[in-house]
Amino acid sequence: MSKIAEVTSDPYAYVAGLKERKNKKIIGCFPMHVPEEIVHAADLIPVVIWRGNEPVTWGHAHVPPYDCGITRSFVDDAVRGKLSFMDGFVFHIRQCLQAGEFPFIMERHFKPAYQKVLYLPAIYPGDAVRDFALKELESFKTSLEDFTGEKISDDSLKKSIEIYNKNRSLMERVYEIRRAKPGILKAKEVMQIVWSSMLMPKEDHNELLTELVKGMEEKSVKAQKERIKVIPVGCLCQTLQFDILDLIEDLGMIVPDDDLYIGSRYFANPVNLNGNPLNALADRYLTKTPLCPTKGVWDIHWGDEAIKKMRDNDAKGIISVRVKYCPPHTCYYPDFRSKMAEKGVPEVMIEMEHEIISLEGVKTRLQSFAETIGGV
Amino acid sequence: MAVVVGVDVGSLCTKTVILDGDGKILSYDIMRSGHYYKGAAKESIENALKSAGLKKGDISYTLGTGYGRGAVAEADAEVTEITCHARGAARLFPEVHTVIDIGGQDSKVIGIGENSRVVNFVMNDKCAAGTGRFLEVMALALSVDISEMGDLFFASKEKVDVSSMCTVFAESEVISLFARGHKKADIAAGIAHAIARRIMGMVGQVGLREKVVMSGGVAKNAGVVRAIEERIETSLLVPYEPQIVGAFGAAIIASERMSTTIG
Ligand code: SF4
């Protein structure tokens with residue numbers, strides 16, 4: 001865990017060092033849907049862009065204060081030169097309106113050596129959507145080939161997918177062990193593990209995870225019967241403040257599983273490697289679950305998915321974590337909440353801001369929730 | 001006699017309730033919290049003990065609640081004000097299903113289910129809009145004592161809209177309404193309706209289920225109570241002393257914990 005904590009405590013220094021150590025170019029992939037495998041297969045290092053931990057300064061000259069945390073933090077980092085170690089960026093701009101702002105800002109103020117704008121489709125029924133997604137991935141691949149001057153063969157793409165799938169299965173194993181031994185890792189540590197996977201080369205991360213899994217398998221933990229199991233849901237694109245995760249545990253709750261982006265959503269769904277690898281990546285993107293409010297899926301309800309996860313884990317309630325000024329989640333949330341009310345599932349929503357204004361207010365909400373489901 | 005104490009340290013006022021072994025209120029105290037919550041809690045407990053003719057040593061269990069619940073050095077445990085308001089309101093009015101609490105600097109709407117337990121809640125603690133502090137600032141802008149605000153509501157003859165709920169902007173809006181020749185009573189009524197509009201939004205999130213209790217210091221303003229009643233189209237149950245409902249709830253939970261310990 002110490003290596004993982006080191007990577008996530010200063011991702012800027014880690015990724016800058018990585019570039020030197022590996023002597024490879026770094027491509028920042030904006031969360032949540034960029035297929036990193038294609039970047040990996042181009043012999044570049046894909047790194048998922050993160051929300052920094054500093055207040056936004058110059059960035060507010062380019063994006064308004066009512067944009068979400070990662071949007072403002074990323075633009076701020078970029079225009080302040082904090083991301084100068086990145087050689088290129090990939091943005092899936094149909095994910096939300098805010099992501100659509102990046103290419104222009106980056107082109108004008110950062111001038112990256114490589115930039116790709118992805119237009120992955122919303123998931124409507126029919127073959128057209130699949131063709132659309134596939135064409136986009138083909139053009140993504142071609143743009144990387146143009147950038148490096150090297151062709152990406154099917155074999156190298158398949159190899160990259162295998163490495164990524166291995167990472168997914170190791171991460172799934174970490175979650176399985178946590179489900180079986182709640183409390184074996186703190187919620188914050190689990191988030192650090194997933195986040196480090198987004199920052200480290202997957203080969204290195206796989207090595208770390210293999211060791212970690214072994215240690216977890218051997219370790220026994222005291223049963224945490226008195227603790228109330230809860231499932232955090234949401235927090236698109238970015239890390240949840242660790243203080244909030246600690247608070248959940250300090251208040252007598254425990255997280256056996258989650259439905260967070262920097263959590264189980266990141267590694268869900270291995271790529272099915274039968275046949276053409278680009279087709280397989282398109283199919284993974286077009287998988288409707290875990291449901292993401294940025295994909296426009298309406299025949300499956302996120303609330304039902306969350307409730308299932310809660311019941312599978314024998315948990316007592318759901319903590320919705322909504323990133324402030326995240327339109328996709330905000331638009332979905334009323335439906336989600338109605339579903340909770342309809343099914344009688346205890347749920348509380350906490351809003352996560354880049355600049356925490358009052359942890360006290362979050363504490364009162366979480367403590368009241370713990371009291372409610374704990375029968376006080 | 002198992003005497004228990006509930007202390008509700010709010011951002012504006014600290015309230016203490018002392019109960020005897022039968023759950024009867026022996027005394028209560030309300031004082032300003034000031035800037036030193038620990039001291040306020042201590043002083044409020046001492047005041048309440050004095051009025052009940054009791055000593056510190058008579059207390060069997062103390063439970064802290066409210067924004068400053070962590071600062072009650074005398075407390076054996078702490079529980080949030082949401083749970084305490086629900087419990088207090090349900091003891092006073094067993095048929096309650098919704099509590100509207102407007103305190104000094106925050107407001108909440110709480111849904112209550114079986115056994116007086118909280119089923120859902122929303123709280124606005126982001127700004128002082130529509131809270132006791134807001135009313136204080138508005139009273140100042142109207143040059144009236146806060147206790148007169150309620151009566152002014154009923155003297156209103158003309159409808160005046162106060163659109164802003166931000167304490168700062170509403171203050172300047174009130175001044176400009178004066179400049180346009182509107183009467184104090186009409187502006188006071190406009191302020192009460194603005195608070196009611198805001199509360200209605202929160203009630204909508206929790207879902208209105210009768211009976212509805214209103215607690216917190218703002219419930220002492222009959223104008224705001226009436227304005228909310230008009231919006232939610234039902235009458236509100238207001239306790240004799242709405243400000244101590246949270247402390248009362250804390251004391252009830254304290255006595256439940258005592259009986260579990262003794263039992
Ligand atoms: S958090 Fe929401 S608004 Fe922000 S980039 Fe992600 S999807 Fe878009």
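None of these values were measured; they are calculated from a predicted model.

## Considering the overall build of chain B
Here is step 1: What chain B contains, in helices and strands, is eight helices and 10 strands.
Here is step 2: Over its C-alpha trace chain B gives a radius of gyration of 19 Å, about what one expects of a compact globule, namely 18 Å for 263 residues.
Here is step 3: Projected onto its principal axes, the C-alpha positions of chain B cover 65 × 35 × 30 Å.
Here is step 4: Burial analysis of chain B (263 residues in total) assigns 57% to the buried set.
Here is step 5: Contacts in chain B between residues far apart in sequence, at least 24 positions, make up 64% of those at least 6 positions apart.
Here is step 6: When the accessible surface of chain B is totalled, it reaches about 11,200 Å², and 51% of it is carbon and sulfur.
Here is step 7: Averaging the positions of the 28 positive and the 31 negative side-chain charges in chain B gives two centres separated by 2 Å.

## Describing the pairing of strand β7 (residues 107-112) of chain B
Residue and element names in this part refer to chain B.
Here is step 1: With respect to burial, β7 is a largely interior element, six of its six residues being buried.
Here is step 2: Where burial is concerned, the two faces of β7 agree: the one with Ser107, Val109 and Gly111 and the one with Lys108, Ile110 and Ile112 are both buried.
Here is step 3: The pairing of strand β6 (residues 98-102) with β7 spans five bridges and is antiparallel. Looking across to β7, one finds that Ile100 is bridged to Val109.
Here is step 4: Between β6 and β7, which pair antiparallel and follow one another directly, the connecting turn spans four residues.
Here is step 5: Pairing of β7 with strand β8 (residues 118-124) involves six bridges; the strand directions are antiparallel. In the strand pairing of β8, Ser107 is matched with Asn124.
Here is step 6: Here β7 folds back onto β8, and the loop between the two strands holds five residues, one of which, Asn115, carries a positive phi near 55°.

## Describing the sheet that holds strand β10 (residues 236-237) of chain B
All names here are of chain B.
Here is step 1: In space, the five strands of this open sheet follow the order β8-β7-β6-β9-β10, with mixed pairing throughout. Sheet topology places β8 and β10 at the edges, where each strand pairs with a single neighbour.
Here is step 2: With two bridges connecting them, strand β9 (residues 212-215) and β10 associate as parallel partners. By the bridge assignment, Val212 is partnered in β10 with Leu236.
Here is step 3: Running at roughly 60° to β7, helix α2 (residues 81-92) makes contact with β6, β7, β8 and β9 of the sheet.

## A look at the pattern of salt bridges
Residues and elements named next belong to chain A.
Here is step 1: Scanning the entire structure with this criterion turns up 45 salt bridges over all chains.
Here is step 2: Between Lys151 and Glu145 there is a salt bridge, and its shortest N-O distance comes to 3.4 Å.
Here is step 3: The salt bridge partner of Arg173 is Glu217, with a shortest N-O separation of 3.0 Å. Pair noted here: Arg173 is in helix α7 (residues 154-180) and Glu217 is in helix α9 (residues 202-218), with a separation of 44 residues, a long-range link.

## Section: the sheet that holds strand β1 (residues 26-29) of chain A
Residues and elements named next belong to chain A.
Here is step 1: Pairing is parallel across the open sheet formed by four strands, whose spatial order is β2-β1-β3-β4. Taken across any chain shown, the strands that pair with only one partner, and hence form the sheet edges, are β2 (45-48) and β4 (114-118). This sheet shows a mean twist of 20° between the axes of neighbouring strands, independent of strand direction.
Here is step 2: Strand direction decides the pairing type here: strand β3 (residues 88-92) and β4, joined by five bridges, are parallel. What sits directly across from His92, in β4, is Leu118.

## Examining the domain arrangement of chain B
Residue and element names in this part refer to chain B.
Here is step 1: By domain assignment, chain B separates into domain 1 (1-93 + 243-263) and domain 2 (95-238).
Here is step 2: Summarising the inter-unit geometry, the C-alpha centres of domain 1 and domain 2 are found 26 Å apart.
Here is step 3: On the domain 2 side, the residues contacting the 15 residues of domain 1 number 25 residues.
Here is step 4: Here domain 1 meets domain 2 over a buried area of about 1,600 Å², counting both sides, of which 69% is carbon and sulfur.
Here is step 5: The salt bridge involving Glu136 is made with Arg32; its shortest N-O contact spans 2.5 Å.
Here is step 6: When residues of the side of domain 1 that touches domain 2 are assigned to their parent elements, the largest contribution, eight residues, is made by α2.

## Quick word on the packing of aromatic side chains
Residues and elements named next belong to chain A.
Here is step 1: Tallied over the full model, the rule gives 19 aromatic pairs over all chains.
Here is step 2: Centre to centre, the rings of Tyr114 and Phe147 are 5.1 Å apart; their planes meet at 40°, and the pair counts as tilted. Here Phe147 lies in helix α6 (residues 127-148) and Tyr114 lies in strand β4, a separation of 33 residues in the sequence.
Here is step 3: On the basis of relative accessibility, which here comes to 23%, the residue Phe147 falls in the partly exposed class.
Here is step 4: Note on Trp302 and Tyr332: the rings are 5.6 Å apart at their centroids and 80° apart in plane angle, and the pair reads as edge-to-face. Of this pair, Trp302 sits in helix α13 (residues 302-312) while Tyr332 sits in helix α14 (residues 327-343), and the two are 30 residues apart along the sequence.

## Points about the confidence of the model for chain B
Here is step 1: For chain B, per-residue confidence averages 90 on the pLDDT scale, and residues scoring 70 or more make up 97% of the total.
Here is step 2: Two numbers describe this predicted complex: its pTM, 0.88, and its ipTM, 0.81.

## A short note on unusual backbone geometry
Here is step 1: Looking along the chain, the bond that leaves A:Pro31 and enters A:Met32 is cis, with omega of 20°.
Here is step 2: Summarising the element assignment, A:Met32 is placed in the loop between β1 and α3 (36-41).
Here is step 3: Look at the link from B:Glu210 to B:Lys211: it is a cis peptide, with omega at 0°.
Here is step 4: Residue position: B:Lys211 is located in the loop between α6 (184-206) and β9.
Here is step 5: The backbone phi angle of B:Ser116 is positive, close to 60°, even though this residue is not glycine.
Here is step 6: With respect to the helices and strands, the residue B:Ser116 is situated in the loop between β7 and β8.

## Topic: the interface of chain B and chain A
Here is step 1: If you look at the interface, chain B gives 20 residues, while chain A gives 16 residues.
Here is step 2: Of the roughly 1,500 Å² buried between chain B and chain A on both sides combined, carbon and sulfur atoms contribute 44%.
Here is step 3: At the surface where chain B touches chain A, the tally comes to one salt bridge.
Here is step 4: The residue A:Lys363 makes a salt bridge to B:Glu78 at a minimum N-O spacing of 3.8 Å.
Here is step 5: Summed over the shared surface of chain B and chain A, the number is eight residue pairs in polar contact (both at pLDDT 80 or more).
Here is step 6: Counting residues per element, the ones that place at least two in the side of chain B that touches chain A are α2 and β8 of chain B.
Here is step 7: No other element matches β8(B), which puts six residues into the side of chain B that touches chain A.

What counts and what doesn't
Residues numbered from 1 in each chain as written. Chains lettered and ligands numbered in written order. Predicted model: local features only at pLDDT ≥ 70, side-chain atom pairs only at ≥ 80, totals over all residues. Heavy atoms only, no water. Helix = DSSP H or I, 4+ residues; strand = E, 2+ residues; numbered from the N terminus. Rg over C-alpha atoms; globule rule 2.2 N^0.38 Å. Buried < 20%, exposed > 50% of the residue type's maximum accessible area, 1.4 Å probe, protein only. Contact = heavy atoms within 4.5 Å. Areas by Shrake-Rupley, 256 points an atom, 1.4 Å probe, with all protein chains shown as cover. Lys, Arg positive; Asp, Glu negative; His and termini not counted. Charge placed at Lys NZ, Arg CZ, Asp CG, Glu CD. Pairing = 2+ DSSP bridges. Axes fitted to C-alpha atoms, helices over the stretch in contact; angles between N-to-C directions. Salt bridge = Lys/Arg side-chain N within 4 Å of Asp/Glu carboxyl O. Domains from an automatic or database assignment. Buried area = accessible area lost by both parts, 1.4 Å probe. Phe/Tyr/Trp six-rings, centres within 6.5 Å; stacked < 30°, edge-to-face > 60°. pLDDT = per-residue confidence, 0-100. Polar contact = N/O pair within 3.5 Å; in protein donor to acceptor, adjacent residues only side chain to side chain.

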